[in-house]
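# Fold and contact review
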Amino acid sequence: MEPGNLIQELQQRMPHQRFQHVLRVTETAKSLAQIHGESIEAAETAALFHDIAKFMNAEEMRELLLAQDVDPLLFEFHKELWHAPAGAIIASKEFKVHDEDVLNAIRFHTTGRAAMSKLEMIIYIADMIEPGRNYPGVEELRLSAEGPLQQAMRTCIIHSVTHLIGKQVPVYPDSIECYNYFVK
């Protein structure tokens, strides 16, 4: 699907504010892809799809995930995590995206994982640092994204896990594995 057609579809699936976030993540991801020698087209595709399932009904999302044999452990964590793997399924099934790297970038953009590809790191980081984000520490994360990609990912996952621990909420195992991988 052409980016223009996908953008029209996205406008229909999400509120205006979230749609604007997706566009900012897309521009950030394309910029990071250019800096780090990744496919700009792949970064654009993954970024555009990253939140496509964000506003699905929770029960419909659960059914979609169960039909695709997603690890049931996911359902023991906050449903906020569900939209990433659901988005990868929608990109694949509805929009015929078959690039596994793009699908994984969508699938792991909320949790991260150990041994992420360059594209996966770009989407994870872009989602955290897009210009509309405003939280303590975001400027440090933006600065880190100007340097080596692995170091930027390390800084982002440390920030993310530290934030979750500070809120005293459970941390999904993929995020813990991502943290361990990047701090070693």
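Residues numbered from 1 in each chain as written. Predicted model: local features only at pLDDT ≥ 70, side-chain atom pairs only at ≥ 80, totals over all residues. Heavy atoms only, no water.

### Observations concerning the overall build of the protein
- Regarding its fold elements, the protein presents ten helices and zero strands.
- Listed N to C, the secondary structure of the protein is α-α-α-α-α-α-α-α-α-α in terms of helices and strands.
- In summary, the protein has a C-alpha radius of gyration of 15 Å against a globular reference of 16 Å for 184 residues, a match within 12%.
- In terms of principal-axis extent, the alpha carbons of the protein reach across some 35 × 35 × 30 Å. (Helix = DSSP H or I, 4+ residues; strand = E, 2+ residues; numbered from the N terminus. Rg over C-alpha atoms; globule rule 2.2 N^0.38 Å.)

### Observations concerning the side chain of Ser-144
- With respect to the helices and strands, Ser-144 occurs in helix 8 (residues 138-144).
- Judged by relative accessible area, which is 14%, Ser-144 ranks as buried.
- Ignoring any residue separated from it by four or fewer positions in sequence, one finds Ser-144 in contact with Ala-152 and Thr-155. (Buried < 20%, exposed > 50% of the residue type's maximum accessible area, 1.4 Å probe, protein only. Contact = heavy atoms within 4.5 Å.)

### Digging into the packing of helix 3 (residues 40-49) against helix 6 (residues 100-107)
- Contact geometry for helix 3 and helix 6: axes closest at 9 Å, N-to-C directions at 35°. When the axes of helix 3 and helix 6 are compared, the crossing they make is right-handed. Contacts from Ala-42, Thr-45, Ala-46 and Phe-49 in helix 3 reach Val-102, Ala-105 and Ile-106 in helix 6.
- Class assignment of the residues belonging to the contact of helix 3 with helix 6 gives a composition of six nonpolar, one polar and no charged. (Axes fitted to C-alpha atoms, helices over the stretch in contact; angles between N-to-C directions. Left-handed = near helix turned anticlockwise from the far one by under 90°. Nonpolar A, V, L, I, M, F, W, Y, C, P; charged D, E, K, R; others polar.)

### Focus on helix 3
- Of all ten residues making up helix 3, seven are buried, and the element is well covered by its neighbours.
- Turning to helix 3, its buried residues are Ala-42, Ala-43, Glu-44, Ala-46, Ala-47, Leu-48 and Phe-49.

### Quick look at the packing of aromatic side chains
- Throughout the structure, instances matching the rule amount to four aromatic pairs.
- A ring pair is formed by Phe-77 and Tyr-172, whose centres lie 5.0 Å apart and whose planes are at 85°; its orientation type is edge-to-face. Of the two residues, Phe-77 is situated in the loop between helix 4 (58-67) and helix 5 (83-93) and Tyr-172 in the loop between helix 9 (149-166) and helix 10 (173-183); the sequence distance between them amounts to 95 residues. One exposure class covers both Phe-77 and Tyr-172, and it is buried.
- Centroid distance Tyr-181 to Phe-182: 4.9 Å. Interplanar angle 80°. Geometry classified as edge-to-face.
- Residue classification places Tyr-181 among the partly exposed positions, given a relative accessible area of 39%.
- Judged by relative accessible area, Phe-182 falls into the buried class, the value being 5%.
- Lying across the ring of Phe-75, Arg-62 places its NZ or CZ 4.4 Å from the centre. (Phe/Tyr/Trp six-rings, centres within 6.5 Å; stacked < 30°, edge-to-face > 60°. Lys NZ or Arg CZ within 6 Å of the ring centre and 35° of its normal.)

### Quick word on the nonpolar core
- Grouped together as the largest cluster of nonpolar side chains are 58 residues, with contacts concentrated most on Leu-10, Phe-49, Leu-65, Ile-123, Ile-125 and Met-153.
- Here this core gets nine residues from one element, more than from any other, and that element is helix 7 (residues 118-129).
- In contact with Leu-10, not counting residues within four places along its chain, are Phe-19, Val-22, Leu-48 and Ile-52. (Core = buried A, V, L, I, M, F, W, Y, C linked by side-chain atoms within 4.5 Å.)

### Here's the deal with the environment of Arg-18
- In this fold, Arg-18 is placed in helix 2 (residues 16-36).
- The class of Arg-18 is buried, set by a relative accessible area of 19%.
- Residues Arg-18 and Asp-51, 33 residues apart in the sequence, show an inter-C-alpha distance of 8.2 Å.
- With near-sequence residues (within four places) excluded, Arg-18 lies in contact with Asp-51, Lys-54 and Phe-55.

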